[in-house]
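Chain and residue survey
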Amino acid sequence: MVVAVFLSSLLGTMAIGMPIAFALILSGVALMIHLGLFDSQIVAQNVINGADSFPLMAVPFFLLAGEVMNAGGLSRRIVDLAMALVGHIRGGLGFVVILAACLIASLSGSAVADAAALGALLMPMMLKSGHSAGRSGGLIASAAIIGPIIPPSIGFVLFGVIGGVSITKLFLAGIAPGLMIALALCIAWLVVVRREDIRLPPRRTGRERLRAFADSLWALFLPVIIIVGLKFGVFTPTEAGVVAAVYSLFVAMVVYRELGPGQVFDVLVSAAKTTSVVMFLVAAAGVSAWLITVADLPGQLAAMLDPLMDSPMLLMAAIMLLVVAVGTAMDMTPTILILTPVLMPVIKQAGIDPVYFGVLFIINNSIGLITPPVGTVLNVICGVSKLTMEDLMKGVWPFLLAQLAVLVLLILFPELVMVPAQWLAR
């Protein structure tokens, strides 16, 4: 009955169009009334406590770094470097999208920011070369979701805070799976691009490639600074967000000089607006998280999944199917905030490594960004490229299947996640 009250109130309020943050608070209030625990002071206290976390300060700084990256020319130089390296081969623009997505992901940590940057820069080039609009948009959307997987990742920060898991370990464990998804996208692109009659961009000379590399060197230093700093304990993940924001501002304003003092205010406002949405969701989820614990929803879920507890692989498969289903109807941030406190006790009881689960959980939530009907990244690409959702969905399916295949592979072979993470942590 407790589960029914929680889900019916949450889904019901969302169905009538209520913002998810308010839906989370009201579902928590409904559960409090059902349990006879309603107290407005408890609601207010849990809203405040939900956002009162030092590690969460990484979120606004990484979001600011992403905004600066797009406005200050860092994204454009990364794309130009990818063009210089692989743009001339058959289907090269698709490989440019994937390579640029991996590089930009290591700067921003946000799929939406990456989708906006890649769509605006590369979609016109792909259409001019003769690529299908739907396939081009589908590839760009699919590549953009590498953003929350390769560190730094806002998704990993949220999961680490809510689930009590080391954010540094999550960052290091996300590198290999992110590159595997990029490789899967390359294979899928090779298959679909054979059917297209395209015009290849001219091959860049060695001097032009060196110039593109030199021009992007300052942008490429940022992920190196973050990964090395985290690995050797120079700074925490929260401090890494500050380093990323300050470094991006310095490069954009002093080195590249594409971001003037007058534009900084607009960038700060844009980052603040996005931050306010994310942090209000986190604060609202504090109410639901407290009620989930009080009502022992994890214990009830564990009882339901008890037949699978002796087989971690089957349990992971069942949970991943649940997350895939939820991801089609809910955005990434609320999914993390709602499901993490419910699933983590089950994962620990089954003896599954929380870092391994966190990586697969975030990958699954990232895939949800390109599944209808919600598909936040799909909506961004539609807005940037003026494509219809129907055309974009036709183009995204081959790449979506490739990403799901990687997810299945990681469920079957956990060492593909943990072995590289352990090697990087040495």
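Heads up: the structure comes first, above all this text.
Now for a quick tour of the structure. (Residues numbered from 1 in each chain as written. Predicted model: local features only at pLDDT ≥ 70, side-chain atom pairs only at ≥ 80, totals over all residues. Heavy atoms only, no water.)

**Considering the overall build of the protein chain**
Selection criterion: Put simply, DSSP marks the helices as runs of H or I at least four residues long and the strands as runs of E at least two long, and each gets a number from the N terminus on. Note on method: radius of gyration uses C-alpha positions; expected globular size equals 2.2 Å times residues raised to 0.38. Exposure is judged per residue with a 1.4 Å probe applied to protein chains only, and the accessible area is read against the type maximum: over 50% gives exposed, under 20% gives buried, and values in between give partly exposed. In what follows, residue pairs with any heavy atoms lying within 4.5 Å of each other are defined as contacts. The Shrake-Rupley method, run with a 1.4 Å probe, gives the accessible areas here. Residue values count only the displayed protein chains as cover. When charges are tallied, Lys and Arg are placed among the positive residues and Asp and Glu among the negative ones, while His and the ends of the chain are skipped. Note that the charge is assigned to NZ on lysines, CZ on arginines, CG on aspartates and CD on glutamates.
A tally of regular secondary structure across the protein chain gives 20 helices and zero strands. Taken against the 2.2 N^0.38 rule, which gives 22 Å for 426 residues, the C-alpha radius of gyration of the protein chain at 21 Å falls within 12% of a compact globule. Along the longest, intermediate and shortest principal axes, the C-alpha atoms of the protein chain span 70 × 45 × 45 Å. Out of the 426 residues belonging to the protein chain, those deemed buried represent 55%. The contacts of the protein chain with a sequence gap of at least 6 include a subset with a gap of at least 24, amounting to 78%. In the form shown here, the protein chain has an accessible surface area of approximately 17,500 Å², with 69% of it arising from carbon and sulfur atoms. Treating the 21 positive side-chain charges of the protein chain as one cloud and the 20 negative ones as another, the clouds have centres 15 Å apart.

**A word on the environment of I226**
Locating I226 in the fold gives a position in helix α11 (residues 206-231). Sequence spacing of I226 and S106 is 120 residues, and the spatial spacing of their C-alpha atoms is 8.9 Å.

**Topic: the packing of aromatic side chains**
Defined as follows: Side-chain rings of Phe, Tyr and Trp, where Trp is taken by its six-membered ring, are said to pair if the distance between their centres is within 6.5 Å; with planes under 30 degrees apart they count as stacked, over 60 as edge-to-face, and otherwise as tilted.
A complete count under the given rule lists seven aromatic pairs for this structure. Ring plane angle 75° and centroid distance 5.4 Å describe the contact between F22 and F280, whose orientation is recorded as edge-to-face. Note that F22 is positioned in helix α2 (residues 20-35) and F280 in helix α13 (residues 261-294), a separation of 258 residues in sequence. What makes F280 partly exposed here is its relative accessible area of 33%. Feature note: the residues F159, F357 and F361 constitute an aromatic cluster, connected by ring pairs.

**With respect to the packing of helix α10 (residues 167-193) against helix α19 (residues 389-412)**
Using the following cut-off: A fitted line through C-alpha atoms serves as each axis, taken over the contacting stretch for helices, and the angle formed by two N-to-C directions is quoted from 0 to 180°. If an angle is under 35 degrees, it is roughly parallel; if it is over 145, roughly antiparallel; if it lies from 65 to 115, roughly perpendicular; otherwise it is oblique. Crossings are classed by handedness, with left-handed meaning an anticlockwise turn of the near helix from the far one by less than a right angle and right-handed meaning a clockwise turn. Lys, Arg, Asp and Glu make up the charged group, whereas Ala, Val, Leu, Ile, Met, Phe, Trp, Tyr, Cys and Pro make up the nonpolar group; the residues left over, Gly among them, are polar.
Viewed as axis vectors pointing N to C, α10 and α19 meet at an angle of 140°, and their least axial separation amounts to 9 Å. When the axes of α10 and α19 are compared, the pair comes out oblique. In the packing of α10 onto α19, the handedness of the crossing is right-handed. Between α10 and α19, the residues in contact are P177, M180, I181, A184, L185, A188, W189 and V192 and P398, F399, A402, Q403, V406, L409 and L410, respectively. For the contact of α10 with α19, the residue count by class is 14 nonpolar, one polar and no charged.

**Remarks on the side chain of R77**
If you trace the backbone, R77 turns up in helix α5 (residues 74-86). Apart from the residues lying within four places of it in its own chain, the contact partners of R77 are G72, D215, S216, Y256 and E258.

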